[in-house]
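Residue-level structural notes
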Amino acid sequence: MIDTLAHLAFDPNIVNGLQETVSQHSTALIENQFRTDNLWILVAAAMVFIMHLGFSALEAGFVRKKNVVNILFKNAMIIAIGLLTYYAVGFNLMYPTDVEPGGWFSLPSLGLSPGEGDMGTGYGDYTFWTDFIFQAMFAATCATIVSGAVAERIKLNSFLIFSGLFVAVCYPIIGMWKWGKGWLDALGFIDFAGSTLVHSVGGWGALAAIILLGPRLGKYTERGIKAIPGHNLPLAGIGVFLLWFGWYGFNGGSVLNANPEAVSLVFVTTSLSAAAGAVGAFITSYVLFKIHDLSMVLNGILGGLVGITAGADLMSPNEAVIIGLIAGAIIPFSVVFFDRLKLDDPVGATSVHLICGIWGTLAVGIFGSAAGWAQLGNQAIGIAAVGIATFTFAFLLMFLLKKTIGIRVSNKDEERGLDWAEHSMKAYE
Amino acid sequence: MIDTLAHLAFDPNIVNGLQETVSQHSTALIENQFRTDNLWILVAAAMVFIMHLGFSALEAGFVRKKNVVNILFKNAMIIAIGLLTYYAVGFNLMYPTDVEPGGWFSLPSLGLSPGEGDMGTGYGDYTFWTDFIFQAMFAATCATIVSGAVAERIKLNSFLIFSGLFVAVCYPIIGMWKWGKGWLDALGFIDFAGSTLVHSVGGWGALAAIILLGPRLGKYTERGIKAIPGHNLPLAGIGVFLLWFGWYGFNGGSVLNANPEAVSLVFVTTSLSAAAGAVGAFITSYVLFKIHDLSMVLNGILGGLVGITAGADLMSPNEAVIIGLIAGAIIPFSVVFFDRLKLDDPVGATSVHLICGIWGTLAVGIFGSAAGWAQLGNQAIGIAAVGIATFTFAFLLMFLLKKTIGIRVSNKDEERGLDWAEHSMKAYE
Amino acid sequence: MIDTLAHLAFDPNIVNGLQETVSQHSTALIENQFRTDNLWILVAAAMVFIMHLGFSALEAGFVRKKNVVNILFKNAMIIAIGLLTYYAVGFNLMYPTDVEPGGWFSLPSLGLSPGEGDMGTGYGDYTFWTDFIFQAMFAATCATIVSGAVAERIKLNSFLIFSGLFVAVCYPIIGMWKWGKGWLDALGFIDFAGSTLVHSVGGWGALAAIILLGPRLGKYTERGIKAIPGHNLPLAGIGVFLLWFGWYGFNGGSVLNANPEAVSLVFVTTSLSAAAGAVGAFITSYVLFKIHDLSMVLNGILGGLVGITAGADLMSPNEAVIIGLIAGAIIPFSVVFFDRLKLDDPVGATSVHLICGIWGTLAVGIFGSAAGWAQLGNQAIGIAAVGIATFTFAFLLMFLLKKTIGIRVSNKDEERGLDWAEHSMKAYE
């Protein structure tokens, strides 16, 4: 009997060793997943970076030859100022570490100071540095949206001051309301990747700015609205394709890890909505204008992308197609609408980012897994609150600049072009 | 004795717990690998998306100024229509779920309806959504190939109808023959990432279209062949570099997981073949024309890329260099050959995609780990079958369009340019 | 008693099975991490590839219209020749397998022949093919740097011979001194991703070449220095943004695995230094020239990127900002300095890559976790050794070419433009 048992006896060291190894494996498994997740967010950050090139090319293509250096200069400086101010204050304003859920404002510290464990798996699905750089790439996009709308007539210095404060203060405080666990998050407002928090914020800023700036000389005359065509449509086309590419990082990275089902669904809804946006704009622009208008189709793609952004993780492919189709179809009407109001927007930024941003945010209450009247109400509250706050901030800041250093170049400089007036350079020789 | 045993006694809960944890680890390990694999295919899909920008830029650069808006419009609509039709029918035609190995045709359902478990590790190395979006990005490329060949003279509406049906019906059914486990797969035909299934399919479609369309006005005159140079070679250069970049996703993603050895070998063979393609075209174009022809070198790079695509996973680096060198060297001869036949192809799409696609597919029977007479025979059968089917489909469809709504713009519109005739726009101001 | 023990008895097969499974898990965990690491280096390689498009666009934009085809041709051939020569000899020169730490030169074999186990986890954090392709993408960049400086006047054939030998011989031998475990590595010289080994090497080559070539006709006249503006600044802007994007692969991939903290820190320092470079150049160029000079800001971004490259893994965000700010601020002074010396560099390559490369390398001795007088001394030795060796090689090779086939086109060809003289083509119609 004892013999029988004896041959079953075991060496406790083996089990102890196994326990230790298995425990190390548990850690290693989490670390491996963390490594993949973190890598995806970094790659996504690089893709969002490319959107800044997309915006630059799009805006440069849609303005006149004489204002191209100015657009490129503004966009190069916006990403630089955006990254630096987000590093100085924006990141801490948007994601305060002394998080008090439901709050409106907090700035716990300046600069970047990762805490204990912020690089490891305990912090979430990526490191503190990854968190910062992915969010920093988002931050500057809202100022870039303004850049297009105010093109061809704004003073460079006023624009740089405006952008710097808009990105450093306005964007992160409002972003905190939802993504920093503030009051909009507590309310139940949904905005996956920023139809409202990024695109509408940029769009409201653009709207406030163009109201105060006024239209370009000769745009609205007694004999009607004068079309001022962009100088280089291949450049605009390159811009839109690069924006679409970058949006896979923008939306796909907003899953905040590499969860296979979630990220792949977001890729599908984003793609289908962009495609449907092109078709929607193709149809309505043909109905309205009887031509196949490239600018409208390009902006239709962007409209579809902005539209899906609030709920890219919640929609079925069918719903993504409907959202994109409507977003694209809105674009030509919206462009006509703003022109009727004599609000001059050379690149259609308000139509794409503001109007389709609102549409996409509302769509979360209408379609997808979160749809419902209560949700639709929350979405409307979020849209209104963000709209009022952003518009007020942007309007007051622009107004202050207008009354002090001025926001608009002289008529002579506008006619000669900003490239000559502000840069003494020409885009093309 | 009993004491001796007693100190060896163990708590069975420990081993039970270990068993449970180890079993969870087995699952987690598979999930972690799945997460990395799925991520790679998504990133690869985004890279293939960039190829659509590459094609747009290349084609826009190689046509005349007066047809640039048209090219951009077509390419923006192709990716949109391609994604939407692939979502509606193409994906199910190409990868039927009621797979009957060796078959010719099946359409089990419409739209996207993932089954039980299609998001998890049991489905393969990626989710259902990932599978769709990666394949969808491929689908539209073959229509884009046609776009370049028919540039500067085709009617927009006819082209859009043609492209839509080509992508929705022709491409996926033929693709199914190999990649959907159809009869070519059963035969042993090899086409890793689509030298035949994507590039030659596009090339055959282009050939059928340009036969029916006829050459551009003034291309072939009694005094000889008139060179009609592209209007913007930097744009063409950007296009080729972006296509090369996207090809890392096209070929690298076709491994269908992130297997380190396989993906890295594909990166190496793809790179070396592209580089050798440049050198091959450099040499033969200098020999033939006595100039350093940028268009030839750019198309040589593309020829090298198309050439390696069928066997990128099977070749050694040395073999990749040989395949690319020959592909690049073919390009100038092929361009001259098509010109002699008065088949006018403004961007050289038939030379790059059809001729080098055939070469690359044959090369699998000549070089690499699958080489052999039997394989070469299978490759030839696949080339012939795909060629006959695609050419017939494209020719009949184009012929039908020609006899109904017409496929070619009026001479007056061609002379004024399609930008004015179809879009009332100019690419440059 | 025995009964008590009996119910504790266990089946040794269970523990044996567990041991086996756990052992398989240990292997699988390492393989999973290897898979993620390898994937990152491949993605990074593709991003570095995009830098070649960035350089092409930047250089094409900064030269005159009449030399654009030539620039594009050179850049397309450089990446081709670079990849092929690195495959033939460069990789083995730079990472000799018969590594003798502290050595100066070794060429164990020709071509690529992976050894036993070079594809598996034992080899490092990636496969042999990944190692090759990531390094190969780096190799051609240093020749591309030369391309910009010698633009608009060098003979194509001489340039291609120079580039081929520069990439095949000079770059890898000098690179081996540090990255191949040669004498500079043994000394303690630090150069994370190549401020010296890539950028200064390219810069020294450029300097030697432009000394021997002389300035473009009409650049330095009796009445002073004539600005020769670039023909297409949007192209230059696209180039800089793409270079910035690619730098995430260049620096981020130089971690050589996907370590979350290391890669994300590198992304942050790279981003902040680039942003600060824009601001630095913005300020000093305004102070010096009283205009907002787009070329300076674009080169300031590149200066910031080159500057952080030597120590991107060692710096805090604050230090990255300082390094970038200084790098950007240097640019306008450096451009003026080279112009005073009548060293004509159409794109500012020597300022960006040589001067900021030196600055970045010295900065490792001044800032960050490796700072110290001893380190600063090592950095200086490395800079001097690499500078003397590269300059000598490049000068002798260029001198030899000058005395044999000639390196400069005729005055007539220079005036007509290289596009006509060397290619019989025009970039734009």
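Nothing here was measured: the structure is a model prediction, and the numbers come from that model.

Considerations on the overall build of chain A
- Looking only at helices and strands, chain A has 15 helices and two strands in total.
- Its C-alpha atoms give chain A a radius of gyration of 24 Å, within 12% of the compact-globule value 22 Å for 429 residues.
- Projected onto its principal axes, the C-alpha positions of chain A cover 110 × 45 × 45 Å.
- Burial analysis of chain A (429 residues in total) assigns 65% to the buried set.
- Counted over contacts in chain A with a minimum sequence separation of 6, partners at least 24 positions apart contribute 80%.

Re the relation of the copies chain A and chain B
- Its rotation angle being 120°, the transformation that places chain A on chain B also includes 0.0 Å of axial translation and leaves an RMSD of 0.0 Å. In the structure described here, the two chain copies are related by an operation that fits a three-fold rotation axis. Of the C-alpha atoms belonging to chain A, the one lying closest to the rotation axis is found on Thr 36 of chain A, 3.6 Å away.
- The residues that chain A uses at the interface reappear at the interface of chain B in only 18% of cases, marking distinct surfaces.

Notes on the interface of chain A and chain B
- The partner chain B presents 59 residues to the 56 residues of chain A that form the contact.
- The dominant element in the side of chain A that touches chain B, judged by the number of residues it contributes, is helix H9 (residues 260-289) of chain A, at 14 residues.
- Across the side of chain A that touches chain B, the residue classes tally to 38 nonpolar, 14 polar and four charged.

A few points about the interface of chain C and chain B
- The interface is formed by 60 residues belonging to chain C together with 56 residues belonging to chain B.
- Residue assignment for the side of chain C that touches chain B shows that the elements contributing at least two residues are helix H1 (2-8), helix H2 (12-62), helix H3 (68-94), helix H4 (128-149) and helix H15 (418-423) of chain C.
- Looking at the side of chain C that touches chain B element by element, the count peaks at 25 residues for H2 of chain C.
- Across the side of chain C that touches chain B, the residue classes break down as 44 nonpolar, twelve polar and four charged.

Brief notes about the environment of Arg 340 of chain A
- Within the secondary structure, Arg 340 of chain A is located in helix H11 (residues 317-340).
- As for Arg 340 of chain A and Ala 427 of chain A, which are separated by 87 residues in sequence, their C-alpha atoms are 32 Å apart.

Some words on the relation of the copies chain C and chain B
- Overlay of chain C on chain B (RMSD 0.0 Å): rotation 120°, translation along the axis 0.0 Å.
- Little of the interface of chain C is mirrored in chain B: 18% of its interface residues are interface residues there too.

Looking at unusual backbone geometry
- With a phi angle near 80°, Glu 152 of chain B is a residue other than glycine that sits in the positive phi range.
- A count of 27 C-beta atoms within 10 Å places Glu 152 of chain B in the buried class.
- Even without being a glycine, Lys 342 of chain C presents a positive backbone phi close to 55°.
- Mapped onto the elements, Lys 342 of chain C comes out in the loop between helix H11 (317-340) and helix H12 (349-366).
- On the basis of neighbour counts, which here come to 13 C-beta atoms within 10 Å, the residue Lys 342 of chain C falls in the partly exposed class.

Some points on helix H12 (residues 349-366) of chain A
Residue and element names in this part refer to chain A.
- Compared with the 26 Å implied by 1.5 Å per residue over 18 residues, the 25 Å span of H12 between its first and last C-alpha is a close match.
- Burial within H12 is extensive, with 17 of its 18 residues counted as buried.
- Where H12 terminates, the next one or two residues include Gly 368, which has phi positive at roughly 85°.

What to know about the confidence of the model for chain A
- Averaged over all residues, the pLDDT of chain A is 95; the fraction at 70 or higher stands at 97%.
- Predicted complex metrics record ipTM = 0.97 and pTM = 0.97.

Brief notes about H3 of chain C
All names here are of chain C.
- Between the first and last C-alpha of H3 there are merely 33 Å, a value that for 27 residues lags more than 12% behind the 39 Å anticipated at 1.5 Å per step.
- At Tyr 86, H3 is deflected by roughly 65°, the largest bend along its length.
- Where burial is concerned, most of H3 is hidden: 25 out of the 27 residues are buried.

What to know about the environment of Leu 212 of chain A
- For Leu 212 of chain A, the location among the structural elements is in helix H7 (residues 195-213).
- For Leu 212 of chain A and Phe 395 of chain A, which are 183 residues apart along the polypeptide, the C-alpha to C-alpha distance reads 7.7 Å.

Observations concerning the environment of Gly 280 of chain C
All names here are of chain C.
- Structurally, Gly 280 can be placed in helix H9 (residues 260-289).
- Separated by 41 residues in sequence, Gly 280 and Val 321 place their C-alpha atoms 9.9 Å apart.
- Those residues in contact with Gly 280, other than ones at most four positions away along the chain, are Gly 300, Gly 324, Leu 325, Ile 326, Ala 327, Gly 328 and Ala 329.

Basis of the calculations
Residues numbered from 1 in each chain as written. Chains lettered and ligands numbered in written order. Predicted model: local features only at pLDDT ≥ 70, side-chain atom pairs only at ≥ 80, totals over all residues. Helix = DSSP H or I, 4+ residues; strand = E, 2+ residues; numbered from the N terminus. Rg over C-alpha atoms; globule rule 2.2 N^0.38 Å. Buried ≥ 20, exposed ≤ 12 C-beta atoms within 10 Å, placed from the backbone. Contact = placed C-beta atoms within 7 Å. Least-squares fit on C-alpha atoms with pLDDT ≥ 70 in both. Nonpolar A, V, L, I, M, F, W, Y, C, P; charged D, E, K, R; others polar. Expected span 1.5 Å × (residues − 1). pLDDT = per-residue confidence, 0-100. Bend = angle between axes of the 7 residues up to and from the residue.

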